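So the chains spell out like this:
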Amino acid sequence: MRFDGRMDDELREIEIRIGYLDNADGSAYYRQGNTVVVAGVYGPRLLHPKHLQDPKKAILRVQYDMLTFSVPERKKPGPTRRSIELSKVIRKALESVIMLEEFPRSVIDVYIRVLNADAGTRCASINAAILALADAGIPMKSLISAVAAGKVGQRIVLDLTKMEEDYGKFVPENDYYGPGTATDIPIAYNPLDDEIVLLQMDGEIEKEDFLKAMELGIKGCKEIYQDMRKAIKKKYKVVSIEENQG
Ligand code: CDP
């Protein structure tokens, strides 16, 4: 068994709350184990100043940040090199499905805040953001979903925790995982086009293991996609009942 009792191909528990914030145009709370993320969307609205507008499509702005108290070592408030990079890769993944050309001269703002981090925050952020965008009614070709897979010691596992990411470096080796360190491969996936829209890697891995991890990651993304669909359907079913009663 893994540190938290999961099987190697098992995701952490997922909790989704759509429309979590009152004041944003769309929002979502997304928890995967102890990684907790909230996303809020504003827009589409006309972009000011005018010279930044694109006459052919909307501009997507994404801001990822970890809250000061989300990590064991107090994080200084404000952007970092890491948060700027993550904002960019998350934006690229989201842009692959959002129909930006429907809203020329506009801007869509996506604000993502990590409330509690236990690894996998970029993937949880993509999941929270796409749900918030759906909640805001932004048209997209498909939902995308994301999760990391990788190798811990000698095992190929899905959805690594921070303890697993630190295996063999700060966390001692044990019999279950075997000798070695950890390699983490975040993947975001578009199930409609069977397309990978984000792929990164932290660590080293042999080709055969990489392919196994990819397969596991895509399987995880497909499971999360189903959870997302269920959450969206549930929310909009409730709304329609309320409307009928009103
Ligand atoms: O979160 P993600 O796995 O997408 O990105 P990472 O840069 O590989 O960070 C892995 C984990 O390290 C985060 O999820 C946090 O749990 C932890 N971390 C931290 O404790 N303090 C930081 N300043 C940055 C990351």
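This write-up is about the structure you can find in this document. Because the structure is predicted, anything quoted here is derived from the model rather than measured. Residue numbers run consecutively from 1 along every chain, following the written order of its sequence. Totals for whole chains, interfaces and linings use all residues, but because this is a predicted model, local features are given only for residues with pLDDT of at least 70 and pairs of side-chain atoms are given and counted only at 80 or more. Computation of side-chain values: all heavy atoms of the structure, hydrogens and water removed.

## A closer look at the environment of aspartate 9
Stage number 1. Mapping aspartate 9 onto the fold places it in the segment before strand 1 (14-18).
Stage number 2. Per-residue accessibility, obtained with a 1.4 Å probe over protein chains only, is compared with the maximum for each type, and a residue is labelled buried under 20%, exposed over 50%, and partly exposed between these values. We classify aspartate 9 as partly exposed; its relative accessible area is 37%.
Stage number 3. For the pair formed by aspartate 9 and leucine 216, sequence separation is 207 residues and the distance between their alpha carbons is 6.8 Å.
Stage number 4. The criterion used for residue contact is that any of the two residues' heavy atoms lie within 4.5 Å. Residues within four places of aspartate 9 in sequence aside, it is in contact with Leu158, Leu216 and Lys219. A helix here means a DSSP run of H or I that spans at least four residues, while a strand means a run of E at least two residues long, and both kinds are numbered starting from the N terminus.

## Some words on the nonpolar core
Stage number 1. Note on terminology: a nonpolar core comprises buried Ala, Val, Leu, Ile, Met, Phe, Trp, Tyr and Cys residues joined through side-chain atoms within 4.5 Å. In terms of nonpolar packing, the biggest core is built from 59 residues, with Leu94, Ile112, Ile130 and Leu133 touching the most fellow members.
Stage number 2. Counting seven residues, the second largest nonpolar core, distinct from the first, contains Val157, Val171, Tyr177 and Ala182.

## Re the site of the ligand
Stage number 1. Taken together, Met66, Val71, Pro72, Arg82, Ala117, Asp118, Ala119, Gly120, Thr121, Arg122, Lys162 and Glu165 are the residues near the ligand.
Stage number 2. Any pair of N or O atoms that falls within 3.5 Å is considered a polar contact. Within protein, one atom must be able to donate a hydrogen and the other to accept it, and sequence-neighbouring residues count only if both atoms are side-chain atoms. Here arginine 82 contributes a side-chain N or O atom positioned 2.8 Å from an oxygen atom of the ligand.
Stage number 3. Contact distances for the ligand include 2.5 Å between an oxygen atom and a side-chain N or O atom of threonine 121.
Stage number 4. When the ligand sits alone it has 510 Å² of accessible area, and the protein chains cover 78% of it.
Stage number 5. In a pocket analysis with a 2 Å cut-off to the grid points, the ligand is assigned to the largest pocket.
Stage number 6. Broken down by secondary-structure element, the contributors of at least two residues to the shell around the ligand are helix 2 (121-135) and helix 3 (162-165).
Stage number 7. Here the term charged refers only to Asp, Glu, Lys and Arg, the term nonpolar to Ala, Val, Leu, Ile, Met, Phe, Trp, Tyr, Cys and Pro, and the term polar to all other amino acids, Gly among them. Within the shell around the ligand, the residues separate by chemical class into five nonpolar, two polar and five charged. Here, proximity means that at least one heavy atom of the residue falls within 4 Å of the molecule or strand. To be clear on the numbers: accessible area is Shrake-Rupley with a 1.4 Å probe, and residue cover counts the displayed protein chains and nothing else. Within this scheme a cavity is a closed region of a 1 Å grid, computed over the protein atoms alone, that accommodates a 1.4 Å probe without allowing it to escape, whereas a pocket is open but has protein on both sides within 12 Å along at least five of seven lines; lining residues each have an atom within 4 Å of a point. Whether a molecule sits in a cavity or pocket is decided by its atoms, more than half of which must lie within 2 Å of the grid points.

These values are about where atoms sit, not about what they do.
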